[in-house]
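Each chain is listed here by its residues.
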Amino acid sequence: MNLDTQRFAHLDLAKRADGQFVELSRSPDERVFLAYDREIGRLVELHVLKGGVAMDATEKRSAFERATQASEIRGAGFLRILEVGEDDGVVYYASNLNDGEFLEDYIVRRGALNSSTVFALTLQLLDELIRLQSFHRLLARMRLDRLLITALEDAFLQLRVIDYGLSEKERRGDADSGRLVTHVCEAMFLMLTGHPFGGEHPDRFPILTALPSGLRTTLRAALGGADNVPTSLEKLRDDVREAFSSSSSSLQVRNPRKQLLVNDALMPNSRLQDLLLENVPLQVLLGGRFRVEETASIKRHPFSIPAVNVKTQEAVTVHLLPPSRIVDKTLYEAVPLQMWRFSSDRHPNILRSLSLWEGPDWAFLTEERGAGFTLSRLMAERMTLNPQEVLLLIKLVRNGLDQGVDCGVARIDLHPSNIQLCVGKGGAMADREWDRLAQRRLDAWPPFTMKLRPHLTMRSLYEPLLIEPAVVQDEDGPTEVTDEEFRGRALAALAAFLLTGERQISSARDFPEAVPDAVAAFVRESIDRCKVVGRAMPVAEYVERFEELLTMPSSEGLASRLRGQDIPIEEMESVGSVSDFENEWDEDERPALGFDAGVASLGSVGGAARHAGHGAIGMAIFGLVGIAVLGMGWWLLFAGEPAPEITAESSVKSEEIGAFSSQSAPEVTPEPSTIVSNVGESQSLPQAPAVPERTKAPVTIKRAIIPSEEEKEKFRAEHPETSSPDNVISDQPSGTVRPKLADVTGSRGE
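Just so it is clear, the structure is predicted and the values come from calculations on it, not from any experiment.

**Some details on the overall build of the protein chain**
Inference 1: Looking only at helices and strands, the protein chain has 26 helices and 24 strands in total.
Inference 2: Taking all 750 residues of the protein chain together, 46% fall into the buried category.
Inference 3: Sequence-distant contacts in the protein chain: of pairs separated by 6 or more residues, those separated by 24 or more amount to 69%.
Inference 4: By element, 51% of the accessible surface of the protein chain is carried by carbon and sulfur atoms, the whole surface being about 38,000 Å².

**Some remarks on the packing of helix α14 (residues 387-407) against helix α17 (residues 483-500)**
Inference 1: At a minimum axis separation of 10 Å, α14 and α17 run at an interaxial angle of 155°. When the axes of α14 and α17 are compared, the pair comes out roughly antiparallel. For α14 against α17, the interelement crossing comes out right-handed. Residues Pro 387, Val 390, Leu 393, Ile 394, Val 397, Leu 401 and Val 405 of α14 touch α17, and the partners they reach there are Arg 487, Leu 491, Leu 494, Ala 495, Leu 498 and Leu 499.
Inference 2: Of the residues belonging to the contact of α14 with α17, the class tally is 12 nonpolar, no polar and one charged.

**Looking at the packing of aromatic side chains**
Inference 1: According to the stated counting rule, one finds 11 aromatic pairs in the structure shown.
Inference 2: Ring plane angle 80° and centroid distance 6.0 Å describe the contact between Phe 21 and Phe 33, whose orientation is recorded as edge-to-face. Taken as a pair, Phe 21 in the loop between β2 (11-13) and β3 (23-24) and Phe 33 in strand β4 (residues 30-37) lie far apart in primary sequence, 12 residues in all.
Inference 3: Assessed through its relative accessible area of 19%, Phe 21 is described here as buried.
Inference 4: Between Phe 189 and Phe 197 the ring centres are 5.1 Å apart and the planes differ by 80°, which places this aromatic pair in the edge-to-face class.
Inference 5: For Phe 189, a relative accessible area of 1% puts it in the buried group.
Inference 6: One aromatic cluster is present, formed by Phe 189, Phe 197 and Phe 205 through successive ring pairs.
Inference 7: If you follow Arg 146 out to its NZ or CZ, it ends over the ring of Phe 102, 4.3 Å from the centre.
Inference 8: One Lys or Arg, Arg 289, reaches over the ring of Trp 357 and ends 4.1 Å from the middle of that ring.

**A look at the sheet that holds strand β12 (residues 304-309)**
Inference 1: Pairing is antiparallel across the open sheet formed by five strands, whose spatial order is β11-β12-β13-β15-β14. With partners counted over all chains shown, the strands left at the sheet margins are β11 (290-292) and β14 (353-358), one partner each. Within this sheet the neighbouring strands show an average axis-to-axis angle of 35°, counted without direction.

**Topic: the confidence of the model for the protein chain**
Inference 1: Of the residues in the protein chain, 71% have a pLDDT of 70 or more, and the chain-wide mean is 75.
Inference 2: Between residues 565-614, whose pLDDT stays under 50, and residues either more than four places distant or in other chains, the model counts 48 contacts.
Inference 3: Throughout residues 643-704 the model reports pLDDT below 50, and contacts reaching past four residues in sequence, or to other chains, amount to 61 contacts.

**Comments concerning the side chain of Ser 353**
Inference 1: You can see Ser 353 is positioned in strand β14.
Inference 2: A relative accessible area of 17% places Ser 353 in the buried class.

**With respect to the sheet that holds strand β18 (residues 448-452)**
Inference 1: Across the sheet, three strands lie side by side as β16-β17-β18; this open sheet has antiparallel pairing. The open sheet terminates on both sides in strands that have one partner only, identified here as β16 (372-374) and β18. Each adjacent strand pair in this sheet contributes to an overall mean axis angle of 20°, direction not counted.
Inference 2: Pairing geometry for β16 and strand β17 (residues 419-423), over three bridges, is antiparallel. Looking at β17, one finds that Thr 374 is bridged to Gln 420.
Inference 3: Against the sheet, helix α13 (residues 375-382) engages β16 and β17, with an angle of about 80° to β16.

**Quick notes on the pattern of salt bridges**
Inference 1: Tallying each qualifying case throughout the model produces 32 salt bridges.
Inference 2: One salt bridge in this structure joins Asp 12 and Arg 38, with 2.8 Å as the shortest N-O distance. Taken together, the positions of Asp 12 in strand β2 and Arg 38 in the loop between β4 and β5 (42-49) put the pair 26 residues apart, joining distant regions of the chain.
Inference 3: Between Arg 459 and Glu 153 there is a salt bridge; the shortest N-O distance is 2.5 Å. Taken together, the residues Arg 459 in helix α16 (residues 458-462) and Glu 153 in the loop between β9 (148-152) and β10 (156-160) connect sequence positions 306 residues apart.

**Re the pairing of β4**
Inference 1: Counting buried residues along β4, seven of its eight residues qualify, which places the element largely inside the surrounding structure.
Inference 2: One ladder, built from three bridges, connects β2 with β4; its direction is antiparallel. Note that in β4 the partner of Asp 12 across the bridge is Tyr 36.
Inference 3: Here two bridges tie β3 to β4, and the two strands are oriented antiparallel to one another. The partner of Leu 24 across the bridge, within β4, is Val 32.

**Let's talk about the pairing of β14**
Inference 1: With five bridges connecting them, β14 and strand β15 (residues 363-368) associate as antiparallel partners. Across the sheet, Ser 355 pairs through a bridge with Thr 366, a residue of β15.

**As for the packing of helix α3 (residues 115-131) against helix α8 (residues 233-247)**
Inference 1: In contact at an axis separation of 9 Å, α3 and α8 are set at 155° when each is read in the N-to-C sense. With respect to their mutual orientation, α3 and α8 come out roughly antiparallel. Judged by the sense of rotation from one axis to the other, the crossing of α3 with α8 is left-handed. From α3, Ser 115, Ser 116, Phe 119, Ala 120, Thr 122, Leu 123, Leu 126, Asp 127, Leu 129 and Ile 130 reach across to α8, where they touch Leu 233, Glu 234, Leu 236, Arg 237, Val 240, Arg 241, Ala 243, Phe 244 and Ser 247.

**Details of unusual backbone geometry**
Inference 1: Despite not being glycine, Lys 50 has its phi angle at roughly 55°, a positive value.
Inference 2: Note that Lys 50 resides in the loop between β5 and α1 (57-70).
Inference 3: Here Lys 50 falls in the partly exposed class, since its relative accessible area comes to 30%.
Inference 4: Positioned with a positive phi, Met 383 is a non-glycine residue whose angle comes to about 70°.
Inference 5: Mapped onto the elements of the fold, Met 383 is located in the loop between α13 and α14.
Inference 6: Taking the relative accessible area as the measure of exposure, Met 383 reaches 45% and is therefore partly exposed.

**A few points about the environment of Glu 128**
Inference 1: Turning to its location among the elements, Glu 128 is positioned in helix α3.
Inference 2: When the C-alpha positions of Glu 128 and Gly 75 are compared, they lie 7.4 Å apart, and in sequence the two are 53 residues distant.
Inference 3: Dropping the residues within four chain positions of it, Glu 128 is found in contact with Arg 74, Gly 75, Ala 76, Gly 77 and Phe 78.

**Points about the environment of Glu 153**
Inference 1: Residue class for Glu 153 comes out buried when judged on its relative accessible area of 10%.
Inference 2: The spacing of Glu 153 and Arg 377 is 224 residues in sequence and 5.7 Å in space, taken between C-alpha atoms.
Inference 3: Dropping the residues within four chain positions of it, Glu 153 is found in contact with Ser 376, Arg 377, Ala 380, Arg 459 and Arg 503.
Inference 4: Polar side-chain contacts of Glu 153 include one of 2.8 Å to the side chain of Ser 376.

**Details of the nonpolar core**
Where a protein is soluble and globular, its nonpolar side chains tend to be buried together.
Inference 1: Leu 103, Leu 129, Met 142, Tyr 164 and Leu 215 are the most contacted members of the largest nonpolar core, which totals 64 residues.
Inference 2: The element contributing the most residues to this core is helix α5 (residues 177-193), with 10 residues.
Inference 3: When residues no more than four places from it in sequence are discounted, the contact partners of Met 142 are Phe 78, Leu 129, Leu 132, Val 161, Asp 163, Tyr 164, Arg 179 and Leu 180.
Inference 4: Of all hydrophobic cores here, the second largest spans 56 residues; its members include Ile 350, Leu 391, Ile 412 and Met 450.

What counts, and where the lines are drawn
Residues numbered from 1 in each chain as written. Predicted model: local features only at pLDDT ≥ 70, side-chain atom pairs only at ≥ 80, totals over all residues. Heavy atoms only, no water. Helix = DSSP H or I, 4+ residues; strand = E, 2+ residues; numbered from the N terminus. Buried < 20%, exposed > 50% of the residue type's maximum accessible area, 1.4 Å probe, protein only. Contact = heavy atoms within 4.5 Å. Areas by Shrake-Rupley, 256 points an atom, 1.4 Å probe, with all protein chains shown as cover. Axes fitted to C-alpha atoms, helices over the stretch in contact; angles between N-to-C directions. Parallel < 35°, antiparallel > 145°, perpendicular 65-115°, else oblique. Left-handed = near helix turned anticlockwise from the far one by under 90°. Nonpolar A, V, L, I, M, F, W, Y, C, P; charged D, E, K, R; others polar. Phe/Tyr/Trp six-rings, centres within 6.5 Å; stacked < 30°, edge-to-face > 60°. Lys NZ or Arg CZ within 6 Å of the ring centre and 35° of its normal. Pairing = 2+ DSSP bridges. pLDDT = per-residue confidence, 0-100. Salt bridge = Lys/Arg side-chain N within 4 Å of Asp/Glu carboxyl O. Polar contact = N/O pair within 3.5 Å; in protein donor to acceptor, adjacent residues only side chain to side chain. Core = buried A, V, L, I, M, F, W, Y, C linked by side-chain atoms within 4.5 Å.

So, in structure tokens, the structure goes:
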């Protein structure tokens, strides 16, 4: 591989002012150069394995396969590989440009971190590593001793793995989980104590002895030597989560990202700014034209500086553009040539550039600055948006693209960092205002304006593209992507990113459950169409189709959307105490249930249909209560008297007892009809189980039927003529006389 020339394949190597190549510090086993990719129009890192030394066939094949596997990794915690290649026996790969500070330099510069912040960062890293367990060939050689700490969207701290160990010789079957656990524990030691681990015993540090017993034991074992090193990343994650729960509030545990919010004290330094500016102070480059509002913002926004125009006192954003030794100015256009056609009245969704001027080495572009934030900042907070919010945004994007065409700008890069959401009257937004706004849906926001950035900035030169280049050409289609197709491809990639949170269009396959299946299928189809030149859907058609699918009534229902379950629809129709079949009865078809009929007669609209099931249940309860009250009355009348048992020779028939009990609480039998129960199952009212004949009459009924001795004497005195065997009942075994049931009930007025 020849590095003497400035160009390597389609990559242009960047140079310093003295003519040397710009090299980046990443892995000790790789040479990493800053380069410009002509195909995608982005600044990238060119990694040359083993420092450019030729590799044998086995090593070369292994490194190429592992690098290709690493290109499939998704997540902000890992280096993103864009391309893998081979030249003169050397394997190389291109990755996105990473800005930040090595973790050890960061901790030594600012000191130890808060324990809750350390636990949140470690949990984030462990979750990323555990998701990669299927990539065992990468985990076996991955190096975690040189982690990079970055500021994701200038808002959240993030640990990033930048060395996959591709230059090392692969060892098959060596998972090396113990080594990964040791490296993670050493990183925790560094962040908690404020200095690198040098073999000290962990019990010498009060911050470590104050940890919960589980994490303290794991740290002691991992840092004590290679003999007793734990090998389970899951166990380490559980210990860290337990420590995080014990040191933080429940709200922070539920949302650990809130613990990683960046302030000026936590902001990592921009090594990329120091490297490209070659340690020249930024204020010297700006001269006396602009005054930087806050010194800390120079590091927080390395290439987008909030400033004030000294002459006009206008709030502007100053963007630094690279010199020609880094990116040839013929390869990009900072400001579109026809932007003079811009009008703020006719083009409210276009972000205006104010001036473009060049210094001795760098170029500077200024743009208007209003209250608001980028869409990428909102996505860092929300992760994904719901389909209704996405529809609102792509409609605004469609308006902005149409206005851009009217301005003479045919192609606008729809990266989220180039989309500005302007909210408020002006000035910086307070943190509490931002938190309140980020938690609300976009359609519940106060009036806001979305603006697209048509000009080029340094950030848009090194942020990875959402849309990947089309790799397939249709036989009958065009060979190049037209301006209209470029806009359609950019919109399709933006919509997929907003719905899934994936920054690479090819991986936007898994959609949240809130996204309807029809919308998800349409987005996947549009992504596949973007891979073929000339097949992307126009912007207007895409928005119209998206809205049509989103507003179309779903024919699936909730049951078919439940994962892994096949539940009959009829079991999901009713869930509460109010039936879903309200007002579906015609007047002549209403079931004649006595209790509900009375309710309906009181003026309740739809009462019989609404309370059909509850009327039957209420009737049964009413009957049971009536029987209980009647029994209690008989007990009060005849308390303390014996209740003789009914023998088998008793001539009192069970039919008569049933008739007597039915007179006390008449049973209401509804018409044969299907009644919907509260749990949503269609079924008939259950019948009472059959009661044995000997136990049909309760004790109170027995006392009502069998008269006492006093009643017998009184009866004989009132009816001395009663001596016929037909009018008396023999009371065995003593031979007492009982009146017939009809006589007793008649004498009591029943």
